[in-house]
Amino acid sequence: AQSVTQLGSHVSVSEGALVLLRCNYSSSVPPYLFWYVQYPNQGLQLLLKYTSAATLVKGINGFEAEFKKSETSFHLTKPSAHMSDAAEYFCAVSDAAGGFKTIFGAGTRLFVKA
Amino acid sequence: NAGVTQTPKFRILKIGQSMTLQCTQDMNHNYMYWYRQDPGMGLKLIYYSVGAGITDKGEVPNGYNVSRSTTEDFPLRLELAAPSQTSVYFCASSLGQDQETQYFGPGTRLLVL
């Protein structure tokens, strides 16, 4: 069965610092992996996704993530945090064996300090 | 395109009352989903639909019902509201399954007292 683990329910960084949000997944077949962002009082929106093409995926707002099969990881990074990046971030996994179901992680709330 | 719209934005229910959460999408997506979001728990799938007339249970379907009479609409029904159903509910749609992006509505915040 698929599963997603996000390490750290809260991450705090200073403006201009590196953002690193961790995600590990479990899947019995090649996975599709997603990062979604949720701003306060809004629905989720896609940041980026991995669909078995390039292992380094670039998304919106300067975010990127690297698929590492050997580590079963899909960590999200951004070189320089901006105040507007403060939000909750969800990692998600689906695969052909999952039957239309995308599994979401518990989420990581990112705080950005001035 | 409005995308995915949900009504109402906020509702307070008394225990035992019923209500319908409305969801509409204008992207001609076949796949639609209902999730609930509880603090620290991520999103849990309640029901999903792969097309008009076809629905199926997700991870947490108890206490809910859905219908899909048109491609655009996917209402979620709570028949006998319970405090455990206090949550934020999100509707989403996608063009297909697996690798397809899901597009989310703004959510309905429900409080059952």
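Residues numbered from 1 in each chain as written. Chains lettered and ligands numbered in written order. Predicted model: local features only at pLDDT ≥ 70, side-chain atom pairs only at ≥ 80, totals over all residues. Heavy atoms only, no water.

1. Thoughts on a nonpolar patch on the surface
Residue and element names in this part refer to chain B.
Then comes step 1: A contiguous nonpolar surface patch, about 320 Å² in accessible area, is contributed by Phe-10, Ile-12 and Leu-113.
Then comes step 2: Turning to its location among the elements, Ile-12 is positioned in strand E2 (residues 10-13).
Then comes step 3: Judged by its relative accessible area of 47%, Ile-12 is partly exposed. (Patch = residues over 30% accessible without salt bridge, like charges linked within 9 Å, V, L, I, M, F, W, Y side chains within 5 Å. Areas by Shrake-Rupley, 256 points an atom, 1.4 Å probe, with all protein chains shown as cover. Salt bridge = Lys/Arg side-chain N within 4 Å of Asp/Glu carboxyl O. Helix = DSSP H or I, 4+ residues; strand = E, 2+ residues; numbered from the N terminus. Buried < 20%, exposed > 50% of the residue type's maximum accessible area, 1.4 Å probe, protein only.)

2. What about the pattern of salt bridges?
Residues and elements named next belong to chain A.
Then comes step 1: What the rule picks out here adds up to six salt bridges over all chains.
Then comes step 2: Across the pair Lys-78 and Asp-85 runs a salt bridge whose closest N-O atoms are separated by 2.8 Å. We note that Lys-78, like Asp-85, is buried.
Then comes step 3: One salt bridge connects Arg-109 with Glu-88, and the closest N-O pair in it is separated by 3.1 Å. Placement of Arg-109 in strand E11 (residues 108-113) and of Glu-88 in strand E9 (residues 87-95) is noted, with a sequence separation of 21 residues between them.

3. Looking at the environment of Phe67(A)
Residue and element names in this part refer to chain A.
Then comes step 1: Position of Phe-67 among the secondary structure elements: in strand E7 (residues 64-68).
Then comes step 2: Counting along the chain gives 17 residues from Phe-67 to Tyr-50, while the straight-line C-alpha distance between them is 7.3 Å.
Then comes step 3: When residues no more than four places from it in sequence are discounted, the contact partners of Phe-67 are Tyr-25, Pro-31, Leu-33, Tyr-50, Thr-55, Ser-73 and Phe-74. (Contact = heavy atoms within 4.5 Å.)

4. A look at the layout of surface pockets
Then comes step 1: Counted as a void, the largest pocket has a volume near 630 Å³.
Then comes step 2: Around the largest pocket, the lining is made up of 31 residues, and of these Gln38(A), Arg109(A), Gln37(B), Val88(B) and Arg109(B) lie nearest the centre.
Then comes step 3: Secondary structure elements with two or more residues in the lining of the largest pocket: E9 of chain A together with strand E9 (87-94) and strand E11 (108-112) of chain B.
Then comes step 4: The element best represented in the lining of the largest pocket is E11(B), accounting for four residues.
Then comes step 5: Class assignment of the residues belonging to the lining of the largest pocket gives a composition of 11 nonpolar, 15 polar and five charged. (1 Å grid on protein atoms, 1.4 Å probe; cavity = no way out; pocket = protein on both sides within 12 Å on 5 of 7 lines; lining within 4 Å. Points joined across faces, edges and corners; volume = space filled by probe spheres on them. Nonpolar A, V, L, I, M, F, W, Y, C, P; charged D, E, K, R; others polar.)

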